[in-house]
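Take a look at the letters that make up each chain.
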Amino acid sequence: METLTRAAIAEAIHRKLGLSRADSLAMVESILGLMCDSLSGGENVKISGFGTFLLRDKGERVGRNPKTGIEVPITPRRVLTFRASQMLKDRIAAL
């Protein structure tokens, strides 16, 4: 199974739109940078037909060390989750 990379996305843009490889890579970097900036600024990112990147605040809770069984506090933190759109779920289910 292969992994889709920034370079592969840029190459696909280059082939489909005819932009230069440098412009294609710059476009990919710009889009990903905008997404990162939005998420780090506390905004969710929704890409219609693909899915939504959601920020979720998790409160403090008690966890357990699986090796020793000792309870340890887990500090509150913000996590990033992804919810696929129904369209994406349908396409994956059709495989």
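Residues numbered from 1 in each chain as written. Predicted model: local features only at pLDDT ≥ 70, side-chain atom pairs only at ≥ 80, totals over all residues. Heavy atoms only, no water.

J.: Before we go on, may I ask you to explain the sheet that holds strand 5 (residues 77–84) in this structure?
T.: Within a beta sheet, neighbouring strands are joined by backbone hydrogen bonds and run either parallel or antiparallel to one another. The antiparallel open sheet is built from 3 strands, whose spatial order is 1-2-5. Each edge of the open sheet is held by one strand with a lone partner, namely strand 1 (45–47) and strand 5. Mean inter-strand twist for the sheet, computed between neighbouring axes without regard to direction, equals 25 degrees. Across the sheet, helix 2 (residues 21–40) lies against strand 1, strand 2 (51–58) and strand 5, angled at about 140 degrees from strand 1, the strand it touches most. (Pairing = 2+ DSSP bridges. Helix = DSSP H or I, 4+ residues; strand = E, 2+ residues; numbered from the N terminus. Axes fitted to C-alpha atoms, helices over the stretch in contact; angles between N-to-C directions. Contact = heavy atoms within 4.5 Å.)

J.: Help me understand the packing of aromatic side chains in this model?
T.: What characterises a pair of aromatic rings is the spacing of the ring centres plus the angle enclosed by the ring planes. On inspection of all chains with the given rule, the structure shows 2 aromatic pairs. When the ring of Phe50 is compared with that of Phe82, the centres are 5.4 Å apart and the planes differ by 50 degrees; the resulting orientation is tilted. Taken together, the positions of Phe50 in the loop between strand 1 and strand 2 and Phe82 in strand 5 put the pair 32 residues apart, joining distant regions of the chain. In this structure Phe50 comes out as partly exposed when scored by relative accessible area, which is 37%. Assessed through its relative accessible area of 35%, Phe82 is described here as partly exposed. Grouping aromatic residues by their ring pairs yields a cluster made of Phe50, Phe53 and Phe82. (Phe/Tyr/Trp six-rings, centres within 6.5 Å; stacked < 30°, edge-to-face > 60°. Buried < 20%, exposed > 50% of the residue type's maximum accessible area, 1.4 Å probe, protein only.)

J.: Can you walk me through the layout of surface pockets in this structure?
T.: Unoccupied space between atoms shows up once a probe the size of one water molecule is rolled over them. As a volume, the largest pocket reaches approximately 520 Å³. Ile9, Leu32, Met35, Ile47 and Phe50 are the residues nearest the centre of the largest pocket, which is lined by 13 residues in total. When contributions to the lining of the largest pocket are tallied by element, the ones reaching two or more residues are helix 1 (6–17) and helix 2. The dominant element in the lining of the largest pocket, judged by the number of residues it contributes, is helix 2, at 6 residues. Its residues assigned to classes, the lining of the largest pocket shows 12 nonpolar, 1 polar and no charged. (1 Å grid on protein atoms, 1.4 Å probe; cavity = no way out; pocket = protein on both sides within 12 Å on 5 of 7 lines; lining within 4 Å. Points joined across faces, edges and corners; volume = space filled by probe spheres on them. Nonpolar A, V, L, I, M, F, W, Y, C, P; charged D, E, K, R; others polar.)

J.: How should I be thinking about helix 2 in this particular structure?
T.: Side chains three or four residues apart in an α-helix point the same way, a direct result of the helix having 3.6 residues per turn. Its 20 residues place the ends of helix 2 28 Å apart at the C-alpha level, agreeing with the 28 Å of an ideal helix rising 1.5 Å per residue. For helix 2, the set of buried residues is Ser24, Val28, Met35, Ser38 and Leu39. Projected down its long axis, helix 2 shows its buried positions confined to an angular sector of 110 degrees, all on one face. Looking at helix 2, the residues exposed on the side facing more than 90 degrees away from the buried face are Ala22, Leu34, Asp37 and Ser40. Immediately beyond the C-terminal end of helix 2, within one or two residues, lies Gly42, with a positive phi of roughly 95 degrees. (Expected span 1.5 Å × (residues − 1). Arc of directions from axis to C-beta.)

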